[in-house]
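# Observations on the model geometry
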Amino acid sequence: MRYEIHHRSTYTYDESVSIGHHLARLAPREMLHQHCEWHGVDVEPEPMSLAGHRDYFGNQCLFFALHGAHKTLTVTAHSFVVVHPRVGGSGGDPFVGGVAGGGAG
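Below is a summary of the structure that appears in this document.

With that out of the way, let us pick up the overall build of the chain. The helix and strand tally for the chain stands at zero helices and four strands. Order of helices (α) and strands (β) in the chain, N terminus to C terminus: β-β-β-β. Partitioning the contacts of the chain with sequence separation of at least 6, the portion at a separation of at least 24 is 79%. Of the roughly 7300 Å² of accessible surface on the chain, 55% is carried by carbon and sulfur atoms.

Below you can see the structure in the form of C-alpha cells.
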C-alpha cells in the first residue's frame, strides 16, 4: 500500500521572536515492512541554516535556525511511504525489531 502523508505544524507567538533554533523529527522511519520513497520539509519563514542527521535510534532529524523577527512559524512535511504486508505477521508492535539496516552506529 502506498501512502501520501502531509503534516503541518503552525506556531503563532504573541510577540515577535528574533531567533529560533529547532529540531524536527518528521521523516517516516525506514523499517522492515515500510519504505519512505520521498520526504521533504518546508519551513516558513525561510531558515538561515538547515542541517540533517540521524539520532541514536535511527530517526532522521532536521535542525533549522531562524534569525530574524517572526510571529509565526509553519513547518510542513510531505512524504510518500510504501508499507508491505507482513508475512505471517503477529500483529504485535510494529516498532520492535523494525529498523532496516539501522539502529545505533
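Here we come to the packing of aromatic side chains. Considering all chains together, one arrives at two aromatic pairs under this definition. Measuring from ring centre to ring centre gives 6.1 Å for Trp 38 and Phe 80, while their planes differ by 50°; the resulting arrangement is tilted. Here Trp 38, found in strand β2 (residues 34–44), pairs with Phe 80, found in strand β4 (residues 60–83); they are 42 residues apart in sequence, far enough to count as distant. Residues Tyr 56 and Phe 57 carry aromatic rings whose centres are separated by 5.1 Å and whose planes lie at 90° to one another, so their mutual orientation is edge-to-face. Look at Phe 57 and you get exposed, because its relative accessible area is 54%.

The next subject is the nonpolar core. Ala 24, Val 43, Leu 62, Phe 64, Leu 66, Leu 73 and Val 75 together form the largest nonpolar core, which totals seven residues. Counting residues per element, this core draws most heavily on β4, at five residues. In contact with Phe 64, not counting residues within four places along its chain, are Gly 20, His 21, His 22, Ala 24, Val 43, Pro 47, Ser 49, Leu 50, Leu 73 and Val 75.

Turning to unusual backbone geometry, a few remarks are in order. With omega at 5°, the peptide bond leading from Glu 44 into Pro 45 counts as cis. Topologically, Pro 45 is positioned in the loop between β2 and β3 (49–54).

All told, the structure shown has two salt bridges when counted by the stated rule. The partner of Glu 37 in a salt bridge is Arg 2, with the nearest N and O atoms 2.6 Å apart. Separated by 35 residues along the polypeptide, Glu 37 in strand β2 and Arg 2 in strand β1 (residues 2–24) bring together distant segments of the chain. On the basis of relative accessible area, Glu 37 is assigned to the partly exposed category, the value being 40%.

About the criteria used
- Residues numbered from 1 in each chain as written.
- Predicted model: local features only at pLDDT ≥ 70, side-chain atom pairs only at ≥ 80, totals over all residues.
- Heavy atoms only, no water.
- Helix = DSSP H or I, 4+ residues; strand = E, 2+ residues; numbered from the N terminus.
- Contact = heavy atoms within 4.5 Å.
- Areas by Shrake-Rupley, 256 points an atom, 1.4 Å probe, with all protein chains shown as cover.
- Phe/Tyr/Trp six-rings, centres within 6.5 Å; stacked < 30°, edge-to-face > 60°.
- Buried < 20%, exposed > 50% of the residue type's maximum accessible area, 1.4 Å probe, protein only.
- Core = buried A, V, L, I, M, F, W, Y, C linked by side-chain atoms within 4.5 Å.
- Salt bridge = Lys/Arg side-chain N within 4 Å of Asp/Glu carboxyl O.

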